[in-house]
Amino acid sequence: MELYKFNIKDLTEDEYEHYRSLMSEERRKRLDGLRFEEDRKRSLCGYMLAVKALSHLTGTAENDIVIADDKNGKPFAENIGLQFSVSHSGELAVCAVGENRIGVDIEKVREVNMQSAKRFANEEELIYIFGRLPEKEDFKSKNGETLKHFFEIWTKKEAIGKTKGVGIGYDMKNADTSETLTYENNGYVITVCEEK
């Protein structure tokens, strides 16, 4: 498994135009339809990382890499035997590449509605996030460690969903997160899950 990162602030206009030109017409329309410039840059950087990584790892020319979406919307390279997954948050985009189905999620640690943890975290994970089974007041009181733990669990569940190709449309509470790898990077949490 290889993990690639890119800060969207480092994206040049030439890079933007080059990688946009490599996209399918449908993917370009989706990119251009994003309302905010930052969202367009994040999306383009995810695509760029995938193309660069696949080219680097296989020796395939960038303009020969064909990226499409499967029936669930998970991107894949039509003509290359490697699997990849992209994610972006804040100023960072990431791409994980492996031989098996793979999912990656990145989240910038930030203030969130902590009650959403009840939707995806099981009892053991809630204790990890809050230090005990949470009561009403726990969902309002947030500190750096609590937020970091929240995003560790969230990115694990997201990465698993991306690996399965179902996003968050699965039984997140009962997902086995033991096969995931989680990294911290300057205020971001990144988790990768690759099928064995």
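Treat the numbers as computed from the prediction; the structure is a model and nothing was measured.

1. Focus: the sheet that holds strand β7 (residues 180–185)
Across a sheet, paired strands are connected by hydrogen bonds in the backbone, their directions being either parallel or antiparallel.
Working step 1: Ordered in space as β6-β8-β7, the 3 strands form an open sheet in which the pairing is antiparallel. Here the strands that pair on one side only, and so sit at the sheet edges, are β6 (102–108) and β7. Each strand of the sheet is rotated relative to its neighbour by a mean of 15 degrees, with strand direction disregarded.
Working step 2: Both β7 and strand β8 (residues 188–194) contribute to a ladder of 6 bridges, which runs antiparallel. Bridge pairing links Tyr183 to Ile190 in β8.
Working step 3: Contacts from helix α6 (residues 144–164) reach β6, β7 and β8, with the element oriented near 150 degrees to β6.

2. Digging into the packing of helix α5 (residues 123–130) against α6
Working step 1: Between α5 and α6, the shortest axis-to-axis distance is 7 Å and the interhelical angle comes to 145 degrees. Counting all contacts with α5, which are made through Glu125, Tyr128, Ile129 and Phe130, the residues of α6 involved are Thr146, His149, Phe150, Glu152, Ile153 and Lys157.
Working step 2: Residue composition of the contact of α5 with α6, by class: 5 nonpolar, 2 polar and 3 charged.

3. Focus: the side chain of Arg42
Working step 1: Mapped onto the elements, Arg42 comes out in helix α3 (residues 37–58).
Working step 2: With near-sequence residues (within four places) excluded, Arg42 lies in contact with Ile8, His88, Ser89, Gly90 and Ala93.

4. So, the sheet that holds strand β1 (residues 2–7)
Working step 1: On the basis of which strands lie adjacent, the open sheet formed by 3 strands has the order β1-β5-β4 and antiparallel pairing. In this open sheet, the two edge strands, each paired with only one partner strand, are β1 and β4 (83–89). The mean angle between the axes of side-by-side strands here comes to 15 degrees, regardless of whether they run parallel or antiparallel.
Working step 2: Contacts between α3 and the sheet are confined to β1, β4 and β5 (92–98), with β5 contributing the most and set at about 30 degrees to the helix.

5. Let's talk about the environment of Glu135
Working step 1: Within the secondary structure layout, Glu135 lies in the loop between α5 and α6.
Working step 2: At 3.3 Å, the side chain of Glu135 and the side chain of Arg132 are in polar contact.

6. Let's talk about unusual backbone geometry
Working step 1: For Asn186, which is not a glycine, the phi torsion comes out positive at approximately 45 degrees.
Working step 2: Inspection of the secondary structure puts Asn186 in the loop between β7 and β8.
Working step 3: The exposed category is assigned to Asn186, whose relative accessible area is 75%.

Definitions and limits used
Residues numbered from 1 in each chain as written. Predicted model: local features only at pLDDT ≥ 70, side-chain atom pairs only at ≥ 80, totals over all residues. Heavy atoms only, no water. Pairing = 2+ DSSP bridges. Helix = DSSP H or I, 4+ residues; strand = E, 2+ residues; numbered from the N terminus. Axes fitted to C-alpha atoms, helices over the stretch in contact; angles between N-to-C directions. Contact = heavy atoms within 4.5 Å. Nonpolar A, V, L, I, M, F, W, Y, C, P; charged D, E, K, R; others polar. Polar contact = N/O pair within 3.5 Å; in protein donor to acceptor, adjacent residues only side chain to side chain. Buried < 20%, exposed > 50% of the residue type's maximum accessible area, 1.4 Å probe, protein only.

These values are about where atoms sit, not about what they do.
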